[in-house]
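Coordinates in review
For reference, the chains in residue letters:
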Amino acid sequence: SAVISQKPSRDICQRGTSLTIQCQVDSQVTMMFWYRQQPGQSLTLIATANQGSEATYESGFVIDKFPISRPNLTFSTLTVSNMSPEDSSIYLCSVESGQGKDNEQFFGPGTRLTVL
Amino acid sequence: SQQGEEDPQALSIQEGENATMNCSYKTSINNLQWYRQNSGRGLVHLILIRSNEREKHSGRLRVTLDTSKKSSSLLITASRAADTASYFCATEITGGAQKLVFGQGTRLTINP
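Here the structure is a predicted model, which is why all the values come from computation and not from measurement. (Residues numbered from 1 in each chain as written. Chains lettered and ligands numbered in written order. Predicted model: local features only at pLDDT ≥ 70, side-chain atom pairs only at ≥ 80, totals over all residues. Heavy atoms only, no water.)

On a plain count of helices and strands, chain B comes out with zero helices and 11 strands. Taken from the N to the C terminus, the helices and strands of chain B come in the order β-β-β-β-β-β-β-β-β-β-β. A compact globule built from 112 residues would reach a C-alpha radius of gyration of about 13 Å, and chain B, at 13 Å, matches this within 12%. Among the 112 residues that make up chain B, the fraction classed as buried is 46%. Within chain B, counting contacts between residues at least 6 apart in sequence, those at least 24 apart form 55% of the total. Looking at chain B as shown, the accessible area adds up to about 5100 Å², and 44% of this sits on carbon and sulfur atoms. Seen as two clouds, the 13 positive and the 10 negative side-chain charges of chain B have centres 5 Å apart. (Helix = DSSP H or I, 4+ residues; strand = E, 2+ residues; numbered from the N terminus. Rg over C-alpha atoms; globule rule 2.2 N^0.38 Å. Buried < 20%, exposed > 50% of the residue type's maximum accessible area, 1.4 Å probe, protein only. Contact = heavy atoms within 4.5 Å. Areas by Shrake-Rupley, 256 points an atom, 1.4 Å probe, with all protein chains shown as cover. Lys, Arg positive; Asp, Glu negative; His and termini not counted. Charge placed at Lys NZ, Arg CZ, Asp CG, Glu CD.)

Given below as structure tokens:
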């Protein structure tokens, strides 16, 4: 399984500011995914990040609010822009274990964000 | 919403008992995966069952899949206090570019 790290592990931010979350994988992967988990809720996919192309965003999420970078096959960043208290969530990145179909998807430890 | 549903939302049992959690989904899938999450931390992958499989075992875990009913169950046998966590099912939708759709989760509490 892939080893995934995220930075920061947690942060407390003021409204109106932005935070960039980093995700590092110990092996090269084609696709990386960013999820949000609001307090007491399940996970919702924000976007899929492929190296060398624009991220693909899910309904309800836009690039201006959640810009994503994917400079290489082991790293990605998610920025939460112009934050409000409603953005307080755990943000998780994930990767698939292989290249074909039916691969396990593994998650990073998450970044717990609190917006005041 | 394409999210699946899990029941029960919360389950509390005594240590040593078996725990069963159910998951239902709405669309055709490639596979279904179960995860555990302790206290809002990262997700731990438990088991993946493919759409052409009906049952899978891993240690004390037993997962079933019924694609005709679009449902799955996770059985934890001989539960331990350390099994206390939230459990989520996630489906990889056919044609969904490997992205996962998560159920709402079951909060499992094992009482010593």
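There's plenty left to go through after this.
Residues and elements named next belong to chain A. One can find Thr111 in strand β11 (residues 111-115). Thr111 gets classed as buried once you look at its relative accessible area, which sits at 0%. At 3.2 Å, the side chain of Thr111 and the side chain of Gln6 are in polar contact. Those residues within four positions of Thr111 in sequence are excluded, and the remaining contacts are Gln6, Lys7, Pro8, Ser9, Ile21, Ser89, Ile90 and Tyr91. (Polar contact = N/O pair within 3.5 Å; in protein donor to acceptor, adjacent residues only side chain to side chain.)

Moving on: the confidence of the model for chain B. Detailed reading of the predicted coordinates is not advisable wherever pLDDT falls low. Mean pLDDT over chain B works out to 92, with 96% of the residues at or above the 70 mark. Considering each helix and strand of chain B separately, the mean pLDDT is smallest for strand β1 (residues 5-7) of chain B, with a value of 85, and largest for strand β7 (residues 61-66) of chain B, with 98. (pLDDT = per-residue confidence, 0-100.)

Turning our attention to the sheet that holds strand β8 (residues 75-80) of chain A. By way of backbone hydrogen bonds, the strands of a sheet pair with one another, either parallel or antiparallel. Residue and element names in this part refer to chain A. Read from one edge of the open sheet, four strands run β1-β3-β8-β7, paired in antiparallel fashion. Of all the strands in the sheet, the pair left with one neighbour each is β1 (4-7) and β7 (68-72). Going across the sheet, the axis of each strand differs from the next one's by a mean of 15°, ignoring polarity. (Pairing = 2+ DSSP bridges. Axes fitted to C-alpha atoms, helices over the stretch in contact; angles between N-to-C directions.)

Further remarks concern the pattern of salt bridges. Residues and elements named next belong to chain B. Applying the stated criterion to the full structure yields five salt bridges over all chains. The partner of Glu55 in a salt bridge is Arg62, with the nearest N and O atoms 3.1 Å apart. Take Glu55: its relative accessible area is 40%, and that puts it in the partly exposed class. A relative accessible area of 31% means that Arg62 is categorised as partly exposed. (Salt bridge = Lys/Arg side-chain N within 4 Å of Asp/Glu carboxyl O.)

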